[in-house]
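# What the coordinates show
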Amino acid sequence: MRLLLLAFVILLSSAAAAWAAPTCNDMEGRTVRCGTPGAMPVGWIPPPEVLEIRRAAAPPGPNPTEIFGIACFIGGLLALFALLPDFEDGKGGGWDREDDDET
């Protein structure tokens, strides 16, 4: 069994890594599959004007007020978890006993 496991580990460690195919861009700067109609050559980048238009069209990130609200929500949730009662009695094992069991 150990020999089989060792052979399996050697087989996996000697396997060649898979290489990802290169990506291409189209004229608008979107990532497309190379060789499709409208795809530019590998390594081509769109002009700075196109990049700036795409950057301006991207949605803005969260503002500080939203970040503060999220932090307060997570903090309140953790505070509620901290306020949960103890589920063990003082002796431990409170869930294992029934009401009519003797101590």
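Our structure's up above, just so we're on the same page.
Structure report, in brief.

Conventions we followed
Residues numbered from 1 in each chain as written. Predicted model: local features only at pLDDT ≥ 70, side-chain atom pairs only at ≥ 80, totals over all residues. Heavy atoms only, no water. Helix = DSSP H or I, 4+ residues; strand = E, 2+ residues; numbered from the N terminus. Buried < 20%, exposed > 50% of the residue type's maximum accessible area, 1.4 Å probe, protein only. Contact = heavy atoms within 4.5 Å. Areas by Shrake-Rupley, 256 points an atom, 1.4 Å probe, with all protein chains shown as cover. Salt bridge = Lys/Arg side-chain N within 4 Å of Asp/Glu carboxyl O. Disulfide = S-S within 2.5 Å. Expected span 1.5 Å × (residues − 1). Polar contact = N/O pair within 3.5 Å; in protein donor to acceptor, adjacent residues only side chain to side chain.

### Observations concerning the overall build of the chain
The helix and strand tally for the chain stands at 3 helices and 2 strands. Starting at the N terminus, the α and β elements of the chain follow one another as α-β-β-α-α. A buried classification covers 5% of the 103 residues belonging to the chain. Nonlocal contacts in the chain, meaning residues at least 24 apart in sequence, comprise 7% of its contacts between residues at least 6 apart. Total accessible area on the chain stands at roughly 9500 Å², and carbon and sulfur atoms take up 67% of it.

### Thoughts on the pattern of salt bridges
Proximity of charged atoms lets side chains of opposite charge pair with each other. Using the criterion set out here, one finds 3 salt bridges in the structure. Of the charged contacts in the structure, one is a salt bridge between D26 and R30, with a shortest N-O distance of 2.8 Å. What makes D26 buried here is its relative accessible area of 7%. The partner of R30 in a salt bridge is E28, with the nearest N and O atoms 3.1 Å apart. Residue classification places E28 among the partly exposed positions, given a relative accessible area of 41%. A single network of salt bridges, built from pairs that share partners, joins D26, E28 and R30.

### Describing the state of the cysteines
Per the counting criterion, the structure on display carries 1 disulfide. The disulfide that involves C24 links it to C34, with 1.9 Å between the sulfurs. Taking the sign of the S-S torsion, about 100° here, the bridge from C24 to C34 comes out right-handed. In this pair, C24 is assigned in strand β1 (residues 24-25) and C34 in the loop between β2 (31-32) and α2 (48-57), connecting sequence segments 10 residues apart. For C24, a relative accessible area of 3% gives the class buried.

### Observations concerning helix α1 (residues 2-13)
Taking 1.5 Å of rise per residue, the 12 residues of α1 would be expected to cover 16 Å, and the 16 Å separating its terminal C-alpha atoms lies within 8% of that figure. Taken across its 12 residues, α1 has 0 buried, putting it largely on the surface.

### Examining the side chain of N25
By secondary structure assignment, the location of N25 is in strand β1. Looking at N25, its side chain comes within polar contact range of the main-chain oxygen of W44, at 3.3 Å.

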